[in-house]
Structures are given as structure tokens and as C-alpha cells.
Amino acid sequence: MKRKIRLQRGEPDNLRLDEFKIEVEQGMVVLDAIHLIQATEAPDLAVRWNCKAGKCGSCSAEVNGEPKLTCMTRLSDYPEDQTLTVQPMKTFPLIKDLVNDVSWNYEVNKQITPYQHTEGTGDPIMFQGEVDRVQEFRKCIECFLCQDVCHVLRSHDMKDEFAGPRFMIRTAGLEMHPLDQGERVEHLRDEHGIGLCNITKCCTYACPEHIEITDNAIIPMKERVVDEYYDPLKWMWNMVTGK
Amino acid sequence: MEDFETIECDVLVVGAGGAGLRAAIAASEYGAKVALVSKSLLGKAHTVMAEGGVAAALGNVDERDNWKIHFRDTIRGSKNLANWEMAKIHAEKSPDRVRELERWGAVFDRTEEGKISQRNFGGHRYPRLAHVGDRTGLEIIRTLQDHAVHMENIEVFMECTVSDILKSGNRAVGALAYYRSSGKLVVFEAGSVILATGGIGKAYRVTSNSWEYTGDGHALAYLAGADLIDMEFVQFHPTGMVWPPSVKGTLVTEGVRGDGGILVNSEGERFMFNYIPDVFAAETAKSEEEANSWLEGEEGAMRPPELLTRDVVARAIMTEVKEGRGSPHGGAFLDIASRQSPDYIRRKLPSMYHQFKELATLDITKEPMEVGPTTHYMMGGIKVEANTAASTVLGLYAAGEAAAGMHGANRLGGNSLSDLLVFGKIAGQCAANFAQDNSKISPHGKEIENSITKALEPFETNRPERRMPNYPAGPRKSSHDLDKKDADENPYQIHQELQEIMESHAGIVRTGKELEKGIHRLEELEKRLPKMHAKGGRKYNPGWHLCLDLYNMIITSLALSRAALERTESRGAHTRLDYPDYDDELGKVNMIVRPGPGGMSVVKSPLLKMPTELKDYVLKEVV
């Protein structure tokens with residue numbers, strides 16, 4: 001069976017959509033189709049990928065405008081007679097073809113206070129029930145699709161004011177760690193702009209790891225900010241003690 | 001000459017998976033200025049694909065466990081070929097390395113008492129693998145990554161590929177690399193160099209490895225004059241997906257069997273009971289009844305045969321398929337659905353659950369999976385000293401999958417994550433010491449120029465001189481007859497042919513005749529490499545990158561096949577149909593692949609002598 005697929009190609013000042021016809025094999029995913037085109041028709045076609053098993057988060061793209069890991073998206077999910085369109089993520093600068101410059105994310109990560117261990121005697125004791133939530137956040141494969149669909153970043157390009165959902169869960173994963181002693185709430189409110197999120201949950205819908213980003217991470221973190229800075233009793237206490 | 005950027009550092013770490021990251025952290029703690037070069041984005045290396053766990057004799061789940069039993073299991077699993085010093089250091093140190101990760105923020109699954117939980121795995125006497133569901137590698141790489149990026153003297157170079165080690169005399173003094181995104185070149189001037197580049201899986205068609213695993217470190221070291229060891233031993237993981245075709249080879253964690261999964265043939269027989277080798281007989285269940293009591297956690301119960309070492313299980317599946325008892329798509333059935341509750345499966349094996357659901361439309365809590373062997377891990381690699389991780393070239397170190405010695409003829413599952421932590425740290429420390437003790441030498445301009453010519457060669461349309469990939473100092477071959485434009489080779493096509501050669505001549509079962517044929521075909525293919533042409537520009541051009549990677553793949557494939565030809569016996573992951581048994585004499589030697597003026601040679605090197613006390617312990621039937 002043959003089917004048509006359109007790929008965005010070129011660099012920012014010279015973009016085009018190239019159409020290819022490929023022979024479909026059973027079970028093929030979008031990334032397989034891209035590789036087939038690369039091997040036979042477009043050897044310099046730029047695409048980023050690694051594990052091809054949904055575990056590394058390298059091959060993020062927009063398939064028919066939807067945020068997807070191309071290695072986990074099967075061609076058979078789309079009607080055979082429909083031409084598929086694959087484009088790079090819109091929120092990040094384009095390098096070439098399907099490859100984005102995602103380095104901004106790595107810069108944001110560096111700004112987060114790292115884990116601060118509570119030193120004790122003997123091996124740390126933590127119970128499974130205490131770490132379930134933290135482990136949910138640590139499932140993140142850094143595909144940056146949540147960043148891609150977040151309208152604060154995508155439509156308003158507020159990368160200087162808002163860290164994005166990926167780093168909300170990163171921070172939450174540290175803040176909720178039973179043995180962490182770091183302080184991140186002020187930073188979350190100021191530099192990382194958690195208030196800018198108005199909980200539309202686009203990030204949660206996009207997450208290929210099914211992490212409840214909004215409900216389990218962003219909302220509890222917003223509550224911590226409120227508790228810390230907008231609690232009237234605490235505010236009065238701080239006024240009296242001059243803190 | 002082409003422009004290039006120059007970066008000065010004390011220690012250059014090539015590769016940013018678990019081993020490279022751990023090495024960078026160690027070197028940085030010793031005060032070295034570190035350049036960490038990553039072929040992909042940071043945190044995407046193959047370490048993220050490690051699923052089942054990291055082996056460490058913490059004794060949290062069974063307190064009888066200790067380093068000595070871990071050491072014994074490793075040596076027995078290696079079919080006695082492992083470097084005993086490495087295996088000892090590894091078994092002793094891995095608990096510390098795991099606890100250290102916890103202090104850096106890693107969150108492992110817990111026991112009921114709140115300690116790090118440990119699961120059963122093939123070849124390990126007791127539950128030993130600290131894990132996080134089936135995404136242990138992700139936890140480890142993320143922990144190391146977040147620790148490393150906050151260290152001030154580590155600079156990370158993402159999507160940057162090293163194409164050559166630069167030398168001065170017999171000392172490694174830096175490297176030439178290119179940035180994928182721009183195609184621009186960079187020269188690293190370093191006091192010492194660590195290779196932590198991972199494996200070679202991309203030389204095979206059916207593999208769990210990604211595009212990065214093209215034997216770069218193996219080939220870079222070889223071209224720099226370093227010895228390789230144990231190159232004939234490639235681990236074929238018994239359980240890769242076999243259906244649908246597009247995901248053939250994708251890994252199915254051994255954790256499925258560790259958590260009770262069984263292997264069944266098309267006749268419904270639990271066939272592994274027919275494949276128990278004598279050496280493991282005393283520690284393995286002989287009947288389903290016995291094996292089931294182990295799953296129920298009965299004290300002193302024997303381990304099920306599905307948890308025999310990977311070489312044994314992979315061969316058993318192959319045999320079942322060959323004798324007509326395979327599953328519909330040429331594998332075996334792996335059944336966890338009838339053994340554990342759906343809740344348990346989803347909690348302990350979440351990524352397996354999703355992988356099969358999304359890629360094969362199969363619910364593993366209801367139906368058995370179909371699995372078969374897939375190229376997974378390279379036991380062979382750069383020969384290193386156990387205490388220093390130093391290669392045979394001055395200033396050149398190696399760790400992780402690119403290094404060798406630790407696993408001999410077969411690696412136990414879970415021993416690679418611990419290997420990369422233990423020896424990553426040692427490599428980082430020793431490379432930092434070396435850089436501090438020896439004054440830096442700048443690479444020679446002529447050497448840099450040669451390396452640049454090689455890196456950019458695939459773009460040339462008029463190529464009067466060709467490189468000879470087999471030996472660094474060898475003469476460059478003139479081949480005017482090759483550079484007609486219409487004779488250009490497509491690197492993707494060459495890659496496919498290479499994979500076909502390795503799959504059919506140096507795969508899971510081998511014969512001398514097939515290996516010889518394979519070597520001949522590789523030599524023919526090698527002659528075509530200079531004709532490869534990279535179409536398009538320098539910016540993010542995978543066709544160009546593949547041209548350069550193919551030189552590395554050819555060197556490693558030749559080294560592998562030639563070592564395999566010399567080992568005229570079957571041992572561990574190396575199975576020769578023409579020599580089906582152990583050869584006692586060959587059991588006393590490692591194969592060394594050595595570069596020399598006459599080209600590649602394979603020499604036998606006697607095993608390091610193990611102290612009697614440890615040897616007796618390893619040989620005991622049961623401990």
C-alpha cells in the first residue's frame with residue numbers, strides 16, 4: 001500500500017512542504033516513514049531521534065498539527081487516503097527541516113535549585129506511598145511537547161517570564177521529595193512565573209507519559225506559592241516580626 | 001585550511017550517557033576543567049533505555065546477599081573470561097555508587113521497610129537490582145545530568161560528534177569534532193581523554209540500539225593505536241519485540257521474567273526446562289512446581305530457568321524457532337498475564353504495557369507477548385586497566401560499554417548500569433590525575449589538518465586521496481578511478497548492506513565459513529566507503545554524519561568478525577556451530593584486536609590469574 005506524506009523542509013528563511021509517496025509496511029510509525037524517505041529520497045533530511053521506543057523524547061513533532069512523538073505514532077491511526085503532514089514544533093526556533101533548537105529548556109533547568117539531601121545516619125528511609133507522586137514527575141522524558149503546546153510559550157512567547165510545564169513538574173518533583181531541603185517557591189513565583197499558567201491543561205493532554213502535569217504538579221505548586229506569600233496570618237506575622 | 005574553534009580543557013569526556021556523565025562528575029570533583037561532548041541532546045543517550053535495574057549487593061530484600069556472591073555470579077555469567085579485578089572492584093563498589101545516586105536525588109522503588117527495593121534478574125543469585133519500575137536508566141541519567149549541570153567546571157557540548165582523536169607521540173592530546181546543528185568544526189585540546197561512547201548495535205539490523213551506537217569509541221581508540229579486547233562477544237538480548245516489523249528488535253525488559261514471566265513455545269510448553277546448563281543446574285528449578293514456589297517467595301526455592309543468563313535464553317528461543325515450535329512471527333511467547341495481576345503489571349512494567357499497547361495493539365495484562373533475540377550490548381571494547389580505566393594509549397581512558405573486560409563472554413542484566421557508575425567514576429578520577437600530573441601538549445597543526453580533511457571528505461566531489469580506515473598511520477590510498485560522480489555511493493544503502501552482512505555472517509550463531517565470507521564481504525564494502533557522497537550542506541546533515549559513522553562501524557565489525565573467527569569454540573554469547581563445545585585452552589585466553597603497521601591483528605592473551613581463595617569460591621557448586 002502506498003500513502004502520501006508531507007514533510008516541512010528547509011531553514012527559517014526558506015521553508016517548504018515536500019510531498020513523498022511511500023510504501024507502507026505493517027505497524028509502521030511516522031518516524032519509520034521519515035527514515036524511509038531519508039534513506040531513499042532525501043539523504044540530508046534533518047530529523048532528531050534516538051530510542052525509537054518512546055523513552056528518550058527526542059523525536060517530538062507536529063503530526064497534522066498535533067503534538068506527537070513520531071516514534072509512537074502509527075500511520076494506521078490516520079485514514080489511508082489522507083496526506084499526513086509532519087512539521088517541527090512551533091514554539092522553539094527551527095534549525096532545519098524537522099529539527100528544533102531546544103537549548104532554551106536546558107538553560108531553564110540549570111536555574112532550578114538542585115536536590116539538597118537531608119544528611120542522616122544510615123540509609124535513607126522513604127516509603128513507597130511518599131514517593132509515588134515524585135516518581136510520576138520523574139517519568140518525564142523531556143520531549144518538550146508540553147512546552148510546545150503551552151500557550152504562554154507558544155502564542156505569547158513569554159520564555160523570559162515563564163519556565164513552562166516541564167519545569168513546573170521538575171520543581172514539583174524536588175519540592176515534594178521527602179528528603180529534599182531546597183527552597184524553590186520564591187523562584188517559582190518570580191523568575192519562573194507560575195502565576196502565568198491559567199490551567200488550560202493543554203500540557204497534560206499533550207504528555208506522552210500521561211503525567212497529570214496540571215492537577216498533580218502545577219496546582220499544588222500554585223497553592224504553595226499562595227500559602228507562602230498570600231496567607232493573611234502569615235503576612236501579618238511577617239509584618240510584625242519585620243521579615 | 002578550514003576554520004575551527006578551539007576549546008581547552010583538562011579532561012575531555014566523549015559521550016554523555018551514564019558512564020560519561022559519571023566520569024565528568026568525578027573529574028570535576030578532582031578539580032579538573034571538563035568538556036563533556038554528547039552526540040545527542042543531553043539525557044537522550046542509551047542509558048535511558050536501560051529498563052530493569054542496577055545491580056548492587058545491598059542486601060535489602062535478601063540479607064544473605066553480599067559483594068562476594070555478586071562477584072561469583074558475574075564471573076560465572078562471563079563464562080570465566082571476565083577480568084577478575086574489574087569484577088571484584090565492580091561488586092565491591094556498586095552499592096556505594098547506588099547509595100550515592102540516592103543522595104543526589106534519585107528515587108528508587110521502596111521495600112516495605114522504606115529501603116531501596118531490589119528485583120530478581122537473570123544470573124543473579126538473590127534479588128539484587130535496584131530499580132524504578134521499568135525505567136531505571138531514565139532515573140539514573142536524569143539524576144546524573146541534573147547533578148552534572150550544576151557543577152561549575154563542566155561544560156556540555158550537545159549534538160557534537162568526535163571524528164578523530166588527536167595524538168602527540170603515543171599520547172592522546174585532544175580531538176576533532178563537528179557540531180551537528182551547524183556543521184562547524186571544533187578542536188578540543190585536552191590533558192586527557194575519556195571514551196564513553198557506548199556500543200556498536202547499529203552494525204546489526206535487528207537491534208535495540210539507536211542511531212548513535214556505531215562503535216565510535218571502539219574505532220577512535222583503535223585508530224589511536226589502542227588494544228581492543230573480547231570483541232567476539234556481542235550480547236543478543238533474548239527478548240526483543242518481533243512484531244510488527246517496524247519495531248522488530250525493540251527491547252522487552254528482562255524485568256518481565258524477573259517478575260515471574262515465563263517463556264512458552266507454540267505447543268504450550270514451558271521450554272526453558274530443557275535448556276539448563278550443568279554449571280547452573282544446582283541453582284535452577286527442575287520442574288514447574290519448583291519454579292512456581294519461587295514465585296510465591298518460598299524460602300530456599302530454586303530460581304526458574306527463564307532467569308538463566310541471557311546467552312542461554314537467547315539460544316534456547318532460537319532453537320525452538322528453528323525446530324518449528326516458534327510463535328507465528330518467529331519468536332517465543334512471553335507470558336506475564338497469567339502470572340501477575342493487571343494492577344501489578346501496570347505498576348511494575350508500565351513502559352512495557354504502553355509499548356505493546358501503542359506499537360503492537362496488544363494488552364500484556366491479558367495476552368502473551370511475542371519475543372525473540374535482538375542485538376543489545378557489546379561485551380567487547382577498549383582494553384582498560386581495572387584500577388585506572390586507562391587504555392593502552394597514554395592519556396586515553398575508557399568507561400561503560402565502550403570499555404571491556406568486566407563482562408567477559410556474557411554480561412548479566414543489571415551489571416551495565418553498575419559498571420558505568422563504578423568505572424565511570426574511576427575513569428574520571430584517573431583521567432583528572434593524569435591531566436594534573438602531565439603538562440599539556442597542543443595537537444600538531446598537521447595532525448589537525450589531516451583530521452579535518454577526513455571529516456569533510458564526503459563532501460568532496462574531486463577526491464584524489466583516500467583514507468585507509470584500517471590503520472591510522474597507514475598510507476593513504478590513491479584511487480583516481482573512484483571519484484567519478486556517477487559512482488557515488490549512498491551511505492544509507494551501504495549501511496543496509498553492512499547490517500545484512502553482520503546479521504547473516506556474525507549473528508547469534510556462527511561458523512568459520514560464514515565468518516570468513518562475512519570478513520571478505522566487509523573488506524569489499526570497506527573499499528566502497530571512499531565513494532560515499534554526502535548530498536546537501538553542512539548544517540544538520542544526517543547523510544554526512546552516517547558517512548563518517550560507517551567508517552567506525554566497518555572497523556568494529558571487522559574486529560568483531562576476526563576475533564570471532566579465532567575463537568574456535570562456543571562460549572557465552574559466542575556460538576560456533578562448527579565448534580559447539582568449550583575449548584579448555586581457549587577458556588584461558590582473551591582475544592586482543594591490535595592495530596599495527598601491517599593492519600589489524602588478533603592475538604591471544606592469557607587471563608589475569610585469580611587468587612586461589614576467590615577461584616575456589618567461584619567454583620563451588622552452591623553458595
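Note that the structure is a prediction, hence the values are computed from the model and not measured.

**So, the overall build of chain A**
Check the secondary structure of chain A and you find 10 helices and 7 strands. Projected onto the principal axes, the alpha-carbon positions of chain A cover approximately 75 × 40 × 30 Å. Relative to its full complement of 243 residues, chain A shows a buried share of 44%. Restricting the contact set of chain A to residue pairs at least 6 apart, pairs at least 24 apart contribute 64%.

**Considering the sheet that holds strand 11 (residues 234-241) of chain B**
All names here are of chain B. Across the sheet, 4 strands lie side by side as 11-14-13-12; this open sheet has antiparallel pairing. At either margin of the open sheet sits one strand with a lone partner, and together these are strand 11 and strand 12 (262-264). The mean angle between the axes of side-by-side strands here comes to 45°, regardless of whether they run parallel or antiparallel. With 3 bridges joining them, strand 12 and strand 13 (residues 332-335) adopt antiparallel strand pairing. For Leu263, the partnering residue across the bridge sits in strand 13 and is Leu334. The sheet contacts of helix 9 (residues 310-322) involve strand 11, strand 13 and strand 14 (369-378), and relative to strand 11 the element is tilted by about 60°.

**What about the interface of chain B and chain A?**
In this assembly, 50 residues from chain B lie in contact with 45 residues from chain A. When contributions to the side of chain B that touches chain A are tallied by element, the ones reaching two or more residues are helix 3 (84-103), helix 4 (136-148), helix 11 (350-360) and helix 16 (542-566) of chain B.

**Some thoughts on the confidence of the model for chain B**
Mean pLDDT over chain B stands at 94; residues scoring 70 or higher make up 96%. Across the predicted assembly, pTM comes out at 0.95 and ipTM at 0.95.

**So, the domain arrangement of chain A**
Residue and element names in this part refer to chain A. Each domain of chain A was delimited in the assignment, giving domain 1 (2-100) and domain 2 (103-233). Here the C-alpha centroids of domain 1 and domain 2 sit 30 Å apart. Opposite the 12 residues of domain 1 that make contact, domain 2 presents 13 residues. Taken together, the residues of the side of domain 1 that touches domain 2 break down into 6 nonpolar, 4 polar and 2 charged.

Reading the values: rules and limits
Residues numbered from 1 in each chain as written. Chains lettered and ligands numbered in written order. Predicted model: local features only at pLDDT ≥ 70, side-chain atom pairs only at ≥ 80, totals over all residues. Helix = DSSP H or I, 4+ residues; strand = E, 2+ residues; numbered from the N terminus. Buried ≥ 20, exposed ≤ 12 C-beta atoms within 10 Å, placed from the backbone. Contact = placed C-beta atoms within 7 Å. Pairing = 2+ DSSP bridges. Axes fitted to C-alpha atoms, helices over the stretch in contact; angles between N-to-C directions. pLDDT = per-residue confidence, 0-100. Domains from an automatic or database assignment. Nonpolar A, V, L, I, M, F, W, Y, C, P; charged D, E, K, R; others polar.

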